[in-house]
Amino acid sequence: MNAPLPVIAQADPGASYRAQKTEIDIAVARALNSGWYILGAEGAAFEREFGAWLGDGMHAVGCANGTDALALILRGMDIGPGSTVVTVSHTAVATVAAIEMVGATPLLLDIDPEHYTMDADELAAVLEDPPPGIPPIRAVILVHIYGQAGDIGPMLAACEKAGVPLIEDCAQCHGATIGGQKLGTLGAAAAFSLYPTKNLGALGDGGVLATPDKALAERIAAIRQYGWRERYVSSLVGVNSRLDEVQAAILRVKLPVLDAGNARRRAIAARYDAALAGTALTPPARRADSEHVFHQYVLRSAARGELMARLKADGVGTGIHYPVPVHEQSAYAGRIAMGPAGCAETSRAAGEVFSLPMYPELTDAQVALICGAIARL
Ligand SMILES: *Cc1c(COP(=O)(O)O)cnc(C)c1O
């Protein structure tokens, strides 16, 4: 009997460290030797560099993680108890957790099953005619899932008409564009996770939010540290959610290679597309006039379990993002408000989606092996 092949991991954050080990070790030593570990020169420089990378006039604020980045934006906008925030059920639970963290009420909409992002028509309908029994809608969080832009044009128009800010959840889309503009620069504010497996990942927890509104950025920067504008004096009600200097120093090494990493992800995705040609599976859709950054390369099949097992036997690891929609998880089921579509497409997708290995450090030999296994599906 042949020994089982070593399985290529679906995600490998350690590979991103090994790829830049010398520079990262130098940056970590610099931060440690500085003697200043929280909200210092590294964090300030990362905020400037990330804001400049996003685009002209963008103000970035570092924080402890992506969930907090969303919650800080809501707090900065004074959205809390007595407010509804609209988002989707097909997301990392963090999006919904952030809404409840600030005391607001989530309203979960369905997805467009081709792109897996919020259904623009359902959003327009609920903004026009909110479901009964929930507080007034005060914000919309659009999740650009898997690295793919949501249908943001009509959503911005519907939000503007309703007088409600659109917040972008960019935890999976660092560097993706639509109409030539980077995601995270189109709404009122955007939240980025810097979790190790994200397209821009720290080697620990981290988050950053961005907004073109300088006053909002300044307010949130105070809220992230007890509401201080002056040391030891809270002028706002705040929290503690800071990005530490060691992580900021690491992120300053990784930010300059983010665009190249995204290009590598797209090249790997093109290889996977070609390998699927003779199979019954369909490559992931790309939204028109947008650039996908393939946080995940997601396939769909009613026979998911069998396909994943065959890939594993061929040495290819897979994952499911996400197996249980938020509205079906026991912490939320039965009490969470949903839009008129009842998240039917979300439930269907959760039973069928699976993700192939995707990270820039995959070698050409590994990609070739994966493509061989895909072609046999
Ligand atoms: C990862 C993720 C988050 C949360 O980020 P953390 O840094 O883990 O708190 C939020 N939204 C989406 C869509 C994510 O993928």
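All values derive from a computational prediction rather than experimental measurement.

This part covers the sheet that holds strand E12 (residues 290-291). Across the sheet, 3 strands lie side by side as E7-E6-E12; this open sheet has antiparallel pairing. With one partner strand each, in any of the chains shown, strand E7 (181-182) and E12 form the two edges of the open sheet. Pairing geometry for strand E6 (residues 177-178) and E12, over 2 bridges, is antiparallel. Residue pairing in the sheet places Ile178 in a bridge with Ser290 of E12.

The full set close to the ligand counts 14 residues, and Gly66, Thr67, Gln172, Ser193 and Lys198 are the nearest of them. In the environment of the ligand, an oxygen atom lies 2.5 Å from a nitrogen or oxygen atom belonging to the side chain of Thr67. At a separation of 2.8 Å, a nitrogen atom of the ligand approaches a polar side-chain atom of Asp169. Considering the ligand on its own, with 380 Å² of exposed area, one finds that the protein chains cover 89% of that surface.

Take the pairing of strand E1 (residues 59-63) next. For E1, the buried fraction is high: 4 of the 5 residues fall into the buried class. Sheet topology places E1 next to strand E9 (residues 207-211); 5 bridges connect them, and they run antiparallel. Bridged to Ala60 within E9 is Ala210.

Side-chain pairing between opposite charges can occur once the charged atoms of the two side chains come close. Here the structure, examined in full by the defined rule, presents 18 salt bridges. Of the charged contacts in the structure, one is a salt bridge between Glu306 and Arg310, with a shortest N-O distance of 2.9 Å. Of the two residues, Glu306 and Arg310 are both situated in helix H11 (residues 304-313); the distance of 4 residues between them amounts to about one turn of the helix. Through salt bridges with shared partners, one network takes in Arg30, Glu42, Glu49 and Arg252.

When the parts of a complex come together, some accessible area is lost, and that lost area is often taken as the interface size. When its domains are assigned, the protein resolves into domain 1 (16-256) and domain 2 (258-375). Averaged C-alpha coordinates put domain 1 and domain 2 at centres separated by 23 Å. Listed by partner, the interface residues are 48 residues for domain 1 and 39 residues for domain 2. Interface area, domain 1 with domain 2, both sides summed: about 3,600 Å², of which 54% is carbon and sulfur. When the area that domain 1 buries against domain 2 is broken down by residue, the three leading residues are Asp110, Tyr146 and Asn199, summing to 18%. Where domain 1 packs against domain 2, one counts 2 salt bridges. As a salt-bridge pair, Arg287 and Asp112 come within 4.0 Å of each other at their nearest N and O atoms.

The subject of this paragraph is a nonpolar patch on the surface. Together, Leu32, Tyr37 and Ile38 line one region of the surface with nonpolar side chains, adding up to about 270 Å² of accessible area. For Leu32, a relative accessible area of 45% translates into the label partly exposed.

Where helix H4 (residues 66-76) contacts helix H5 (residues 93-101), the two axes come as close as 8 Å, and the packing angle between them is 40°. Between H4 and H5, the crossing angle belongs to the class labelled oblique. As H4 runs across H5, the sense of the crossing is right-handed. Taking contact as the criterion, the partners of Thr67, Asp68, Leu70, Ala71, Leu74 and Arg75 in H4 are, on H5, Ala94, Thr95, Ala98, Ile99 and Met101.

Aromatic ring pairs are defined here through the distance separating the ring centres and the angle between the ring planes. In total, this model carries 8 aromatic pairs according to the counting rule given. Seen in terms of ring centroids, Tyr226 and Trp228 are 4.9 Å apart; in terms of plane orientation they differ by 65°. Their pairing is edge-to-face. Overall, Tyr226 belongs to the partly exposed group, its relative accessible area being 31%. Three or more aromatic residues link up through ring pairs in this structure, and these residues are Phe46, Phe50, Trp53 and Phe192. Over the ring of Trp53 we find Lys182, and its NZ or CZ is 4.5 Å from the ring centre.

Moving on: the layout of surface pockets. One number sums up the size of the largest pocket: a volume of about 480 Å³. Taken together, 31 residues line the largest pocket, and the ones lying closest to its centre are Thr197, Lys198, Asn199, Arg265 and Pro360. Put simply, the parts of the chain that give the lining of the largest pocket at least two residues each are helix H1 (13-19) and helix H10 (258-275). With 6 residues, H10 is the single largest residue contributor to the lining of the largest pocket. Within the lining of the largest pocket, the residues separate by chemical class into 13 nonpolar, 12 polar and 6 charged. Two domains each donate at least three residues to the lining of the largest pocket, and these are domain 1 (16-256) and domain 2 (258-375). Surrounding the second largest pocket, 20 residues form its lining, Thr67, Ala94, Ala171, Ser193 and Lys198 being those nearest its centre. Those elements giving two or more residues to the lining of the second largest pocket turn out to be H4, H5 and strand E8 (189-193).

Thresholds, definitions, all that
- Residues numbered from 1 in each chain as written.
- Predicted model: local features only at pLDDT ≥ 70, side-chain atom pairs only at ≥ 80, totals over all residues.
- Heavy atoms only, no water.
- Pairing = 2+ DSSP bridges.
- Helix = DSSP H or I, 4+ residues; strand = E, 2+ residues; numbered from the N terminus.
- Near = heavy atom within 4 Å.
- Polar contact = N/O pair within 3.5 Å; in protein donor to acceptor, adjacent residues only side chain to side chain.
- Areas by Shrake-Rupley, 256 points an atom, 1.4 Å probe, with all protein chains shown as cover.
- Buried < 20%, exposed > 50% of the residue type's maximum accessible area, 1.4 Å probe, protein only.
- Salt bridge = Lys/Arg side-chain N within 4 Å of Asp/Glu carboxyl O.
- Domains from an automatic or database assignment.
- Contact = heavy atoms within 4.5 Å.
- Buried area = accessible area lost by both parts, 1.4 Å probe.
- Patch = residues over 30% accessible without salt bridge, like charges linked within 9 Å, V, L, I, M, F, W, Y side chains within 5 Å.
- Axes fitted to C-alpha atoms, helices over the stretch in contact; angles between N-to-C directions.
- Parallel < 35°, antiparallel > 145°, perpendicular 65-115°, else oblique.
- Left-handed = near helix turned anticlockwise from the far one by under 90°.
- Phe/Tyr/Trp six-rings, centres within 6.5 Å; stacked < 30°, edge-to-face > 60°.
- Lys NZ or Arg CZ within 6 Å of the ring centre and 35° of its normal.
- 1 Å grid on protein atoms, 1.4 Å probe; cavity = no way out; pocket = protein on both sides within 12 Å on 5 of 7 lines; lining within 4 Å.
- Points joined across faces, edges and corners; volume = space filled by probe spheres on them.
- Nonpolar A, V, L, I, M, F, W, Y, C, P; charged D, E, K, R; others polar.

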